[in-house]
Amino acid sequence: MIGLILLAAAAIAAAAPLPKAAIPEGKRFLVIQPHHDDHTTDYGMGGLIAKLVDAGYDGWFIRASNDEKDGAWGYPHNDMINQRESEAAIAILGMKGLYSLGWRNDYMDPTPLLELRAQIILLIRKHRPDVVLGHDPWGHYDRNPDHRKVARACAEAVWMAGLRNVHPEHIELGLEPWRVPHQFLKARVDYGRGHEANVAVELTQAHVARKMKAYSAHRNVYAHPSMARSVRQQLAARGLKAPELDRKTDEEAAVAIEEWHMDWISRKRGTENGLRYAEIFYYLGEFDHLPGLTGYLRDNVVKR
Amino acid sequence: MKSLLCLLAFAAAANSKTILIVTADAADFVLAAGGTIASMTATGDRAILLRVANDDKNAWDLAPEQAAARTSAECEQAARALGIEKVVSLGYREGELGGVSPTELRDRIAFHIRLLKPDVLFIPNPYAEYVEQLDRHYTGMAAEEARHTAALRNHQPPLAAIGVEPHVTRELYYYAQPVDPRRREPEAAATFVPQPKVVGIEAAFSKKLRAARALKTIQTAAAMRIRQRLESTGRRLPLLDTVNEESVNKLVEIELRGLATLCAKDFPYKMAEEFHYAGPEYQVPAKLRR
Ligand SMILES: [Zn+2]
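I tried to follow the overall build of chain B on my own but got confused; where do I start?
Along chain B, the regular secondary structure elements total 10 helices and eight strands. Over its C-alpha atoms chain B spans a radius of gyration of 20 Å, differing by no more than 12% from the 19 Å that the globule rule assigns to 290 residues. In terms of overall dimensions, chain B has C-alpha extents of about 60 × 50 × 45 Å along its principal axes. Within chain B, the fraction of its 290 residues that count as buried is 55%. Counting contacts in chain B only where the partners sit at least 6 residues apart, residues at least 24 apart contribute 80% of the total. As presented, chain B carries roughly 12,800 Å² of accessible surface, and 55% of it is formed by carbon and sulfur atoms. With 38 positive and 36 negative side-chain charges, chain B shows a spacing of 5 Å between the two charge centroids.

Okay, here's the thing in structure tokens:
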């Protein structure tokens, strides 16, 4: 019976709007992901990145893999193009810089987890981010080994960077321990039950437009003219046409189609949560790892 | 009357169980399951703790070697407070289980299951989400597998040669501190699926508190980290203006009461712990249980 009640409660909760996330007080953020495009994809976080930058944050992107398989070229060529396009995309979003760790794309399962984690810990200690954005390490059904690997390395790096006995060699270099207080985690919600967001981040149309522009900077993998040609053929086969695409080249049409999709998904996440535009995340706050103390700290912490 | 008492004592002894508790670190089993373990040992059950990692990083101002030594001694005290008879430490370095072969870890746990032949296993719930210390996840997964392989003769054949026979553990408690927002949702109703179980711990709370307070090194580090975070953002927690034994003990009590209240929510207890539980009937497919 209790189980049934809980199930019903969960169903109601899923339909109810998510609480609106506030931008945490802070100065710096890191986006830690395996791939060049993970920050801007339709289920991504480009809107939140734009919003953090607008709020005065400085941000850096850590791209853990070399993206050698993503694109129509040979491995080294893809790596270089994707690196360049990633630099362009983060500049559009207003981030300060990019670190490419160069681990082998789609082969990160056998990557040594602790070595990857050590690299992330070092960069966390260097930048001392108030916010980290990444994949949800608990998301189910993510078929991409790189997403799982980086999310798992990151899940520990965010708190282990705060322990002096973890990689004491960094301390010798003059870096200090730093625990990341806020995390925004994303996953594809179309990958089944796994990822259930707990906050919605309200976006403006300008945030969405910037995310879109950054997204289409990844021209090696998105907004390819062949996609527009395929859409036109499919429409023609059903005796349909989209007048908005008529006077556009295939390349312009591809960008327009991607823009519609981005606008649609951002509006959909907004509408679901009583907002105009939104992205959704699993948010972890500074003391959420201490479930027995969160209430006490909320009620008893005071300003100095 | 005397013979009746003897008879009762005999019955209690006959029903007493052997419990093996597997934990990644010195704190997790106390915070998530300490009250339940203390209740069981109080009624005559015999408990052994298998501690996988060495807590060498969980100190405020001690080098790893000192931290490992200090937390080991404190873990022994915590275990004693819960009525646990013995602590076996595997000695893996804290925070590094992600780099340990899961099969190696499984086989080391399975060895102890075959050696001790427990009736009840407590293991970290490897399916609990948003658990920060992934050592707990890796330990839980290895223990979950170990429970299975310990029962199979074709695993680790040399053990049978020295008389350490395969063993089926009949009861299994998966424990985790309440961080997973979906932890109360029932699993699918299919066969062989453990279900949520909430255990009242009011009578055992003082023992659990004594055990948690025994972990001085870990608790002081936790308090210092909270204070440091607040200080760096222009805030303070009056309780931690001075971090000493008294304030740390108070903080530990507040945390334990907080955990116990969270777990008791929606149940007829003031204080509780929560598990996923697979009892003896779990061994039998649902179709055959009737
Ligand atoms: Zn990706």
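Quick question: what am I supposed to make of the side chain of A:His207 here?
Residue and element names in this part refer to chain A. Its location among the elements puts His 207 in helix H7 (residues 205–216). Owing to a relative accessible area of 7%, His 207 belongs among the buried residues under this scheme. In this view, His 207 contacts Gly 47, Ala 50, Lys 51 and Asp 54; residues no more than four positions away in its chain are not counted.

Sorry if this is basic, but what is going on with the coordination of the zinc ion here?
Note on metal sites: the ideal angle is 109.5 degrees for four tetrahedral donors, and 90 or 180 degrees for six octahedral donors. All names here are of chain A. The zinc ion binds to the protein through His 35 (ND1), Asp 38 (OD) and His 147 (NE2), with metal-donor distances spanning 2.0 to 2.1 Å. For the zinc ion, the single-chain donor residues occur in sequence as H-x2-D-x108-H. Here His 35, found in the loop between strand S1 (28–33) and helix H2 (46–54), pairs with His 147, found in helix H5 (residues 145–160); they are 112 residues apart in sequence, far enough to count as distant. For the pair formed by His 35 and His 147, the shared burial category is buried.

Hey, could you run me through the environment of A:Val53 in this one?
Residue and element names in this part refer to chain A. By the secondary structure assignment, Val 53 is in helix H2. In sequence terms Val 53 and Thr 249 are 196 residues apart; their C-alpha atoms lie 33 Å from each other. Not counting residues within four places of it along the chain, the set of residues in contact with Val 53 comprises Phe 29, Leu 93, Gly 94, Met 95 and Arg 210.

What am I meant to see in the nonpolar core here?
Nonpolar side chains tend to gather and get buried jointly when the protein is soluble and globular. Grouped together as the largest cluster of nonpolar side chains are 62 residues, with contacts concentrated most on A:Ile32, A:Leu116, A:Ile124, B:Leu20, B:Val22 and B:Ile109. At eight residues, the largest contribution of residues to this core is made by H5(A). Ignoring sequence-local partners within four residues, the contact set of B:Leu20 consists of B:Ile48, B:Leu50, B:His112, B:Ile113, B:Leu116, B:Pro118, B:Val120, B:Leu121 and B:Phe122. Core analysis: the second largest hydrophobic core is formed by 54 residues, A:Leu290, B:Ala26, B:Ile37 and B:Ile218 among them.

In this structure, what is going on with the interface of chain A and chain B? I would like to understand it.
Counting residues at the interface gives 45 residues for chain A and 45 residues for chain B. The contact between chain A and chain B buries some 4,100 Å² in all, and 62% of this surface belongs to carbon and sulfur atoms. At the junction of chain A with chain B, the criterion picks out four salt bridges. With a shortest N-O distance of 2.9 Å, B:Arg235 and A:Glu286 are connected by a salt bridge.

Cut-offs used in this document
Residues numbered from 1 in each chain as written. Chains lettered and ligands numbered in written order. Predicted model: local features only at pLDDT ≥ 70, side-chain atom pairs only at ≥ 80, totals over all residues. Heavy atoms only, no water. Helix = DSSP H or I, 4+ residues; strand = E, 2+ residues; numbered from the N terminus. Rg over C-alpha atoms; globule rule 2.2 N^0.38 Å. Buried < 20%, exposed > 50% of the residue type's maximum accessible area, 1.4 Å probe, protein only. Contact = heavy atoms within 4.5 Å. Areas by Shrake-Rupley, 256 points an atom, 1.4 Å probe, with all protein chains shown as cover. Lys, Arg positive; Asp, Glu negative; His and termini not counted. Charge placed at Lys NZ, Arg CZ, Asp CG, Glu CD. Donors = N, O, S within 2.8 Å, 3.2 Å for Na, K, Ca; no water. Core = buried A, V, L, I, M, F, W, Y, C linked by side-chain atoms within 4.5 Å. Buried area = accessible area lost by both parts, 1.4 Å probe. Salt bridge = Lys/Arg side-chain N within 4 Å of Asp/Glu carboxyl O.

By themselves, these figures tell us nothing about what the structure is for.
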